[in-house]
Amino acid sequence: MVTVTILPHHEICPQGATVELKTGENLLEGLHEHGIKIEHACDMSKACTTCHVIMREGFDSLEEMDDVEGDLLDRAWGLEPNSRLSCQCIIADKDLIIEIPKYTLNHAKENH
Ligand code: FES
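Scoring rules and cut-offs
- Residues numbered from 1 in each chain as written.
- Predicted model: local features only at pLDDT ≥ 70, side-chain atom pairs only at ≥ 80, totals over all residues.
- Heavy atoms only, no water.
- Helix = DSSP H or I, 4+ residues; strand = E, 2+ residues; numbered from the N terminus.
- Rg over C-alpha atoms; globule rule 2.2 N^0.38 Å.
- Buried < 20%, exposed > 50% of the residue type's maximum accessible area, 1.4 Å probe, protein only.
- Contact = heavy atoms within 4.5 Å.
- Areas by Shrake-Rupley, 256 points an atom, 1.4 Å probe, with all protein chains shown as cover.
- Pairing = 2+ DSSP bridges.
- Axes fitted to C-alpha atoms, helices over the stretch in contact; angles between N-to-C directions.
- Core = buried A, V, L, I, M, F, W, Y, C linked by side-chain atoms within 4.5 Å.
- Salt bridge = Lys/Arg side-chain N within 4 Å of Asp/Glu carboxyl O.
- Disulfide = S-S within 2.5 Å.

**Structural notes on the overall build of the chain**
Turning to step 1, where the next piece is worked out: When helices and strands are tallied, the chain shows 3 helices and 5 strands.
Turning to step 2, where the next piece is worked out: Walking the chain from its N terminus toward its C terminus, one meets helices and strands in the order β-β-α-β-α-β-β-α.
Turning to step 3, where the next piece is worked out: Over its C-alpha atoms the chain spans a radius of gyration of 13 Å, differing by no more than 12% from the 13 Å that the globule rule assigns to 112 residues.
Turning to step 4, where the next piece is worked out: Taken over the C-alpha atoms alone, the chain extends approximately 40 × 30 × 20 Å along its principal axes.
Turning to step 5, where the next piece is worked out: Among the 112 residues that make up the chain, the fraction classed as buried is 40%.
Turning to step 6, where the next piece is worked out: Within the chain, contacts between residues at least 6 apart in sequence are counted, and of these 63% link residues at least 24 apart.
Turning to step 7, where the next piece is worked out: With the model as given, the accessible surface of the chain reaches about 6,300 Å², and the carbon-plus-sulfur share is 48%.

Written as structure tokens, this is what we have:
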């Protein structure tokens, strides 16, 4: 088990949170199970940026992202060097500290 700390986010998690997730677990799914409802407009099919998170600690423990994820992140609001799409992150063996960006660009919503 690793400890995942979520820094406070005004809508999703106003007080911040700390949860325990298993190695091998999908980060976004694990957070949802604990009530941290990060957006996921494309339903985890790696076609949006709404699940964007910034790894304040533990970035290097995660498997490297592929080109598709990198290209998507280039369009994310608030991109940082340690940004990831949370639906593509598999928990490794190190604790994580995560910041949820203040905004997302929800293309799915914009197109309606
Ligand atoms: Fe769309 Fe993660 S939910 S890329």
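Next comes the rest of the account.
**Focus on the sheet that holds strand S4 (residues 83–85)**
By definition, the strands of a sheet pair up through backbone hydrogen bonds, in either a parallel or an antiparallel sense.
Turning to step 1, where the next piece is worked out: One open sheet holds the 5 strands; their spatial order is S2-S1-S5-S3-S4, and the pairing between them is mixed. Here the strands that pair on one side only, and so sit at the sheet edges, are strand S2 (17–21) and S4. Geometrically, the sheet is characterised by an average inter-axis angle of 35° between neighbouring strands, direction not taken into account.

**Brief notes about the nonpolar core**
Turning to step 1, where the next piece is worked out: Grouped together as the largest cluster of nonpolar side chains are 25 residues, with contacts concentrated most on Val4, Leu27 and Leu31.
Turning to step 2, where the next piece is worked out: Taken together, the elements giving at least two residues each to this core come down to strand S1 (2–6), S2, helix H1 (27–33), strand S3 (52–57), helix H2 (67–73) and strand S5 (96–99).
Turning to step 3, where the next piece is worked out: Other than its neighbours up to four places away in sequence, Val4 contacts Ala17, Thr18, Val19, Leu21, Leu27, Leu31, Ile91, Leu96 and Ile98.

**Focus: the pattern of salt bridges**
Turning to step 1, where the next piece is worked out: For the coordinates displayed, the defined rule picks out 4 salt bridges.
Turning to step 2, where the next piece is worked out: Among the ionic pairs, Asp66 bridges to Lys46, the shortest N-O distance being 2.4 Å. In this pair, Asp66 is assigned in the loop between S3 and H2 and Lys46 in the loop between H1 and S3, connecting sequence segments 20 residues apart.
Turning to step 3, where the next piece is worked out: Since its relative accessible area comes to 22%, Lys46 is described here as partly exposed.
Turning to step 4, where the next piece is worked out: We note a salt bridge from Glu99 to Arg56, for which the minimum N-O separation is 2.7 Å. Taken together, the positions of Glu99 in strand S5 and Arg56 in strand S3 put the pair 43 residues apart, joining distant regions of the chain.
Turning to step 5, where the next piece is worked out: Look at Glu99 and you get partly exposed, because its relative accessible area is 26%.
Turning to step 6, where the next piece is worked out: Assessed through its relative accessible area of 38%, Arg56 is described here as partly exposed.

**Here we look at the state of the cysteines**
Turning to step 1, where the next piece is worked out: All chains considered together, the criterion is met by 0 disulfides.
Turning to step 2, where the next piece is worked out: No disulfide involves Cys13; its nearest neighbouring cysteine sulfur is the one of Cys51, lying 16 Å away.
Turning to step 3, where the next piece is worked out: A relative accessible area of 5% places Cys13 in the buried class.

**Focus on the environment of Val68**
Turning to step 1, where the next piece is worked out: When you line up the elements, Val68 lands in helix H2.
Turning to step 2, where the next piece is worked out: C-alpha of Val68 to C-alpha of Ala47: the two residues are 21 residues apart in sequence and 8.5 Å apart in space.

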